[in-house]
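Reading the structure
Below, each chain spelled out in residue letters.
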Amino acid sequence: MHSRRNMLKTLAAGSVAASLSPLTTFANEEKPMYQLKGNINHSVCQWTFGKVPLEELCVTVKKMGLNAIDLLAPKDWPTIQKHGITCSMCYIPGKVSLVDGFAGTEFHAGLIKDYEEGIPLVAKAGYKNLICFSGNRRGMDDETGLKNCVEGLKKILPLAEKHKVVLVMELLNSKVDHKDYMCDHTAWGAELCKRLGSENFKLLYDIYHMQVDEGNVIANIKANHQYIAHYHTAGVPGRHELNDKQELYYPAIMNAILETGFKGHVAQEFIPTGKTDQERFKALEQAVQICDV
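Residues numbered from 1 in each chain as written. Predicted model: local features only at pLDDT ≥ 70, side-chain atom pairs only at ≥ 80, totals over all residues. Heavy atoms only, no water.

1. Examining helix 6 (residues 142–153)
What counts, and what does not: Labels follow the DSSP assignment, with helices taken as runs of H or I lasting at least four residues and strands as runs of E lasting at least two, numbered in each case from the N terminus. What a helix is expected to span follows from its residue count: subtract one and scale by 1.5 Å. The classification of residues rests on relative accessible area computed with a 1.4 Å probe and restricted to protein chains. Under 20% of the type maximum is buried, over 50% is exposed, and intermediate values are partly exposed. Any two residues whose heavy atoms approach within 4.5 Å at even a single point are treated as in contact.
Compared with the 16 Å implied by 1.5 Å per residue over twelve residues, the 16 Å span of helix 6 between its first and last C-alpha is a close match. Those residues of helix 6 that fall on the buried side of the exposure criterion are Gly145, Leu146, Asn148, Cys149, Val150, Gly152 and Leu153. Structurally, helix 6 contributes buried residues whose contacts are with helix 5 (108–124), strand 4 (129–132), helix 7 (157–163), strand 5 (166–170), helix 8 (186–196) and strand 6 (201–206).

Shown next as structure tokens:
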């Protein structure tokens, strides 16, 4: 199965290639696009369309009415800025690891250095959200992982507060995609938020991941919405399109999110199954429409 971890490795190796013609055709279609309602701030995760040049991705999503792209590093920000698009969830500069995170004290020195560099860059660019990860358990119990995360994050939270940047830890499933990941349940992430006690530390609630690991999505969102700064989507099972072949009913989930007063972004993070860029971007357009309540 494809994963963001694999995509990070691919991008790091520099093996990004694509044929532009199908996407260019899609972007230049003159038929009227769907008019978004304006209740949900839509975004899309760049890595799920990682073989498409970022310039072309900007052109296409902007035509769909999206004003944001998720999971971009500082090197990519000038490109999206040319197109009037914001980065709704930022990466730190340099290495991004989902497995070597704040739960491991041996990684704290490197992480603190990277985030001390990244936080001011996010603020300078006019962005707000900077993603972080618990990393893997490596034999740790929940309480040890919480204490370690608190210890590491407290060393960079004052800088985040100074620059009005929100550190956002992603909830990932440990059953299918990210074996051994520590922050794999909403309750654990919420407890970390409580212990840190800062409005500059929140959670990224990935609907796909949390359906896989714990289910009860709407109830968990309602019970913990004050700790959530951002959402990701994908179909379950498989992490593909938000169609009638998967088990989640996204209109109800989006309405529940709206009812909490959420004003942040909801980013599509499904892996499209289409054989062409045009088919894959049609699936993105349809997913945005499904979530546009």
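Anyway, onward from the coordinates.
2. Observations concerning the confidence of the model for the protein
Here is the rule: You can read pLDDT as the predictor saying how much it trusts each residue, on a scale of 0 to 100.
Scored by pLDDT, the protein has a mean of 92; 88% of the residues are at 70 or more. When the criterion is pLDDT under 50, residues 10–32 qualifies, and its contacts beyond four places in sequence or with other chains add up to 37 contacts.

3. Considerations on the pattern of salt bridges
Stated formally: Each reported salt bridge corresponds to a side-chain nitrogen of Lys or Arg within 4 Å of a carboxyl oxygen of Asp or Glu.
Applying the stated criterion to the full structure yields twelve salt bridges. Close ionic contact of Arg195 with Glu191 constitutes a salt bridge, the shortest N to O distance being 2.8 Å. In this pair, Arg195 and Glu191 are both assigned in helix 8, four residues apart and thus about one turn of the helix distant. Here Glu191 falls in the partly exposed class, since its relative accessible area comes to 27%. Residue Arg239 is joined to Glu269 by a salt bridge in which the shortest nitrogen-to-oxygen separation is 3.6 Å. Of the two residues, Arg239 sits in the loop between strand 7 (228–233) and helix 11 (250–259) while Glu269 sits in the loop between strand 8 (265–268) and helix 12 (277–291), which places them 30 residues apart along the sequence. Judged by its relative accessible area of 0%, Glu269 is buried.

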